[in-house]
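Structure assessment
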Amino acid sequence: MANTASMSQSIAGRYAQAVFDIARDEGGIDRIASELDQLQGALDDSAELRGLIGSPLFSRDDQKKAIGALAVKMGLGATLANTLQLMASNRRLFVLPALIGQLRALIADHRGEITADVTSAVALSDAQKKKLTETLAKKSGKTVKLNTRVDEALIGGMIVKLGSQMIDSSVRSKLASLQNAMKEVG
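Since this is a predicted model, take the numbers as computed values, not measurements.

1. Focus on the overall build of the protein chain
Across its full length, the protein chain carries eight helices and four strands. Ordered by position in the sequence, the α and β elements of the protein chain form the string α-α-α-α-α-α-β-α-β-β-β-α. For the protein chain, whose C-alpha radius of gyration is 20 Å, the value lies well above the compact-globule estimate of 16 Å for 186 residues. Dimensions of the protein chain, computed from the C-alpha atoms along their principal axes, are close to 65 × 35 × 25 Å. Residue burial in the protein chain is summarised as follows: out of 186 residues, 35% are buried. Long-range contacts, defined as pairs at least 24 residues apart, comprise 69% of the intrachain contacts of the protein chain with a sequence gap of at least 6. Per element, the accessible surface of the protein chain, about 11,200 Å² overall, is 54% carbon and sulfur. Averaged over its 24 positive side-chain charges, the protein chain has a centre that lies 3 Å from the centre of its 20 negative ones.

2. Points about the environment of arginine 91
Structurally, arginine 91 can be placed in the loop between helix H5 (78-89) and helix H6 (96-111). Given the relative accessible area of 25%, arginine 91 is considered partly exposed. Among all residues touching arginine 91, those that are not within four sequence positions of it are Pro56, Phe58, Ser59, Arg60 and Gln63.

3. Description of the side chain of glutamate 35
With respect to the helices and strands, glutamate 35 occurs in helix H2 (residues 29-45). The residues contacting glutamate 35, other than those within four sequence positions of it, are Gly75, Leu76, Gly77 and Leu80.

Conventions used here
- Residues numbered from 1 in each chain as written.
- Predicted model: local features only at pLDDT ≥ 70, side-chain atom pairs only at ≥ 80, totals over all residues.
- Heavy atoms only, no water.
- Helix = DSSP H or I, 4+ residues; strand = E, 2+ residues; numbered from the N terminus.
- Rg over C-alpha atoms; globule rule 2.2 N^0.38 Å.
- Buried < 20%, exposed > 50% of the residue type's maximum accessible area, 1.4 Å probe, protein only.
- Contact = heavy atoms within 4.5 Å.
- Areas by Shrake-Rupley, 256 points an atom, 1.4 Å probe, with all protein chains shown as cover.
- Lys, Arg positive; Asp, Glu negative; His and termini not counted.
- Charge placed at Lys NZ, Arg CZ, Asp CG, Glu CD.

Pasting the structure below:
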């Protein structure tokens, strides 16, 4: 399974790099970023679309027709629409979610942005988000975007993932550490 995931990432990476290079050369980075948001929204909202890209039961022609119609309906630019058509022709639509993620990462890097995934026990206020964003921006030297979510199982505190670094200041992890320390004593 890990080999399949790594192969999908590799395939998606090649498509993402090609789309990014074309968009950068044409000055269309902002347009591609907007189109990726639309495409991700469509994937999130439509079980039929997820089925289309993931099922081997649909023929190449069926996938090409459906993805072409979707591109027209969404008003996607030629770069992304043609890439989706090529992916359908090559039976590679299954890597679309990975393509979106990798293309977003390339765009963010180009813009000097980094995304921090923040999981907290309670929803963060706007002031807390602003302070956290400023602190992470100083630490990383980049513009920081926050992806926040709430997980009440943390009891208190938060977990921040910034790039490859993870800072876990949750009460749950502190209790687990204390429990492990107590096991070593007794």
